[in-house]
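Here are the chains, one letter per residue:
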Amino acid sequence: MDLSQHQTDIRNAVTRAIEEDIGSGDITAQLIPADQTSHARIISRERAVIAGQAWVNEVFKQVDNSVEVIWRVQDGDLVSPDQVLFELKGSSRSLLSGERCALNFLQSLSGTATLCEHYAKLVEGTGVKLLDTRKTLPGLRIAQKYAVSVGGCYNHRIGLYDAFLIKENHIMAAGGISQAVTQAHAIAPGKPVEVEVETMAQLDEAINAGADIIMLDNFTPADMRVAVQHTHKQTNGQIKLEASGGITTDTLRQYAETGVDYISIGALTKDCKAIDLSMRMVK
């Protein structure tokens, strides 16, 4: 993901985080002389794939632009326990006031990236792309989807505006798969149109309707292999296939080896554990 297109989102997310944490002012930081300066190091207490530099930088830019942020790693780097991630130099009050916001972003996004790295390794060599979903933390979708890409997985649509994903309820409301796909192409020509199917009959209907991508929902690995072969024979590989529904780390490799192009997994963003980080003042 190219963050240059999302600077406003980063800035707004950080502003909200600072407002909820610092509010009208850090009263505890006022115990420290206003002119006192400090040097701090932030370390990881566990193995992790780092993601979130832009958000950390923005925190200290907003808290106190004079604070110096010195990175010792880059996004995408795999770090070990007790490794220094970055250092801070500046006003003691500012370092302490910005600490929690900065670490919250870094530990959460690094947790997402680390989990995605684990999933990506499980499908190495299969050619499948693992996709995230819209099951993200409210207000942090761009941040988490960025972390997904850092961890070696890929982004599905960002929201409801950049691609069609026609599911069961849409199909019922629109009058059928063919009607839904036809309307989608008419409403927004050029936007990708994906259709969720649950049976081989629906698969054929989606193929004939002209879907760009077909999501095979809750197919078994055996049935999915048949669906992949059938679709490739019918479309010569022009229609991409995505697997979804009930796929776990135990079954992921089986699905990846069926020949599907994509596998979407909500767990990439909704089941993440934050990485344990710590800030230590340097004497």
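Okay, so let's go over this structure. (Residues numbered from 1 in each chain as written. Predicted model: local features only at pLDDT ≥ 70, side-chain atom pairs only at ≥ 80, totals over all residues. Heavy atoms only, no water.)

On to the sheet that holds strand β3 (residues 68–71). As summarised here, the arrangement of the four strands in space is β3-β5-β1-β12, forming an open sheet in which the pairing is antiparallel. Looking along the sheet, the strands with just one partner apiece sit at the ends: β3 and β12 (277–281). Shown here is a sheet whose adjacent strand axes are inclined to one another by a mean of 20°, direction ignored. As defined by bridge partners, strand β1 (residues 37–44) adjoins β12 across five bridges and the pair is classed as antiparallel. Paired with Ser 44 across the strands is Leu 277, a residue of β12. Sitting on the sheet, helix α3 (residues 92–122) is in contact with β1, β3, β5 (83–91) and β12, with an inclination near 150° to β5. (Pairing = 2+ DSSP bridges. Helix = DSSP H or I, 4+ residues; strand = E, 2+ residues; numbered from the N terminus. Axes fitted to C-alpha atoms, helices over the stretch in contact; angles between N-to-C directions. Contact = heavy atoms within 4.5 Å.)

With that settled, consider the side chain of Gln 53. Here Gln 53 is to be found in helix α2 (residues 53–63). Take Gln 53: its relative accessible area is 11%, and that puts it in the buried class. (Buried < 20%, exposed > 50% of the residue type's maximum accessible area, 1.4 Å probe, protein only.)

Quantified by volume, the largest pocket comes out at close to 420 Å³. Tallied by class, the residues present in the lining of the largest pocket amount to five nonpolar, seven polar and ten charged. Size it by volume and the second largest pocket reaches roughly 330 Å³. Taken together, 17 residues form the lining of the second largest pocket, with Phe 164, Leu 165, Ile 166, His 170 and Ala 184 sitting closest to its centre. Sorting the residues of the lining of the second largest pocket by element identifies β7 (164–166), α5 (168–174) and α6 (177–187) as the ones contributing at least two each. A class-by-class count of the residues in the lining of the second largest pocket yields eleven nonpolar, two polar and four charged. (1 Å grid on protein atoms, 1.4 Å probe; cavity = no way out; pocket = protein on both sides within 12 Å on 5 of 7 lines; lining within 4 Å. Points joined across faces, edges and corners; volume = space filled by probe spheres on them. Nonpolar A, V, L, I, M, F, W, Y, C, P; charged D, E, K, R; others polar.)

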